[in-house]
Amino acid sequence: MTAIEGSVALVTGGQRGIGKAYVEELLARGAAKVYATARKPVPSHDERVEVLALDVTDDNSVAAVAERAQDVNAVYNNAGIMYAAPLLKIDMQQVKDTFDTNVFGPLRITQAFAPVLKSHGGGVLVNMHSLLSWGAGAGAYGASKAGFWSLTNSLRIELAAQHTQVVGVHLGFADTDMASALPVPKITAADVARIALDGVERGDSEVLVDDITRKMKSALTGPVEGLTLPISR
């Protein structure tokens, strides 16, 4: 089990959507300090929040944040981007940008902060996934989430020796800017953060936030045709 009270956390993409909800829920549960990052950060009025500029696709930016936040014992890889174009039509640069942000970005953060977590006894690494970790759809975004899930599972093995709890959080659709155009039921960002942090505190390795995500993962035992994103475009 991982205690959130008294912890020092880093949340990427921490000033909007689910990232902002993570920051608020961490503080509500007694976190001592939260580093909230964004590409273009704005000041926080809460003295427990330190806002940092971060571009997860830039090695120097990641290194600078890791150097500044040496007291961190919890990392939340939340930052991500999504382009709506189908795979047969999407510009290849957008595909590269998607993977650089959604897959390689979290890996950069993890490589930079693994020694920091180790120095604090192991800590916790939380990676934000999707039902698209297993399901077809959403073009490059869906493909990147599948890659990110695989990366998380490998990191869980590699970080076990330093006692880092690695948690993959999967959800369907949250009421955020990224999913605003999708005509489907959505969970609130606050509920995502609450359910995910419940799992962190229980010591879970994986948290499935909503029913649609649990249904999608259960379909892994069936034919691949059943692994289709439950929305139409």
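Below you will find a few notes about this structure. (Residues numbered from 1 in each chain as written. Predicted model: local features only at pLDDT ≥ 70, side-chain atom pairs only at ≥ 80, totals over all residues. Heavy atoms only, no water.)

**Things to note about the nonpolar core**
- Tyr22, Leu26, Tyr76, Val126, Val169 and Val209 are the most contacted members of the largest nonpolar core, which has 31 residues in total.
- Elements that contribute at least two residues to this core include exactly strand 1 (8-11), helix 1 (17-28), strand 2 (33-38), strand 4 (74-77), strand 5 (124-128), strand 6 (165-170) and helix 5 (189-202).
- The element contributing the most residues to this core is helix 5, with seven residues.
- Apart from residues no more than four positions distant in its own chain, Val169 is found in contact with Tyr22, Val126, Asn127, Met128, His129, Ser130, Ala196, Val207 and Val209.
- Residues Ile109, Ala114, Leu117 and Leu155 belong to the second largest nonpolar core, which totals 24 residues. (Core = buried A, V, L, I, M, F, W, Y, C linked by side-chain atoms within 4.5 Å. Buried < 20%, exposed > 50% of the residue type's maximum accessible area, 1.4 Å probe, protein only. Helix = DSSP H or I, 4+ residues; strand = E, 2+ residues; numbered from the N terminus. Contact = heavy atoms within 4.5 Å.)

**Some details on unusual backbone geometry**
- Of note, the phi angle at Ala138 is positive, near 65°, even though the residue is not glycine.
- Along the chain, the position of Ala138 falls in the loop between strand 5 and helix 4 (139-159).
- Ala138 sits in the buried class, given a relative accessible area of 14%.

**Some remarks on the pattern of salt bridges**
- Within this structure, the stated rule accounts for 14 salt bridges.
- A salt bridge links Asp71 to Lys33, with the nearest nitrogen and oxygen atoms 3.9 Å apart. Of this pair, Asp71 sits in the loop between helix 2 (59-68) and strand 4 while Lys33 is found in strand 2, placing the two residues 38 residues apart along the sequence.
- Between Asp59 and Arg108 there is a salt bridge, with its nearest N and O atoms 2.9 Å apart. Remark: Arg108 occurs in helix 3 (residues 92-119) and Asp59 occurs in helix 2; sequence separation between them is 49 residues.
- Judged by its relative accessible area of 53%, Asp59 falls in the exposed class. (Salt bridge = Lys/Arg side-chain N within 4 Å of Asp/Glu carboxyl O.)

**Points about the packing of helix 3 against helix 4**
- Where helix 3 contacts helix 4, the two axes come as close as 8 Å, and the packing angle between them is 15°. Looking at the two axes, helix 3 sits roughly parallel to helix 4. The handedness of the crossing between helix 3 and helix 4 comes out as right-handed. Here helix 3 contributes Val95, Thr98, Phe99, Asn102, Val103, Pro106, Leu107, Thr110 and Ala114 to the contact with helix 4, which in turn contributes Ala140, Tyr141, Ala143, Ser144, Gly147, Phe148, Leu151, Leu155 and Leu159.
- Taken together, the residues of the contact of helix 3 with helix 4 sort by class into 13 nonpolar, five polar and no charged. (Axes fitted to C-alpha atoms, helices over the stretch in contact; angles between N-to-C directions. Parallel < 35°, antiparallel > 145°, perpendicular 65-115°, else oblique. Left-handed = near helix turned anticlockwise from the far one by under 90°. Nonpolar A, V, L, I, M, F, W, Y, C, P; charged D, E, K, R; others polar.)

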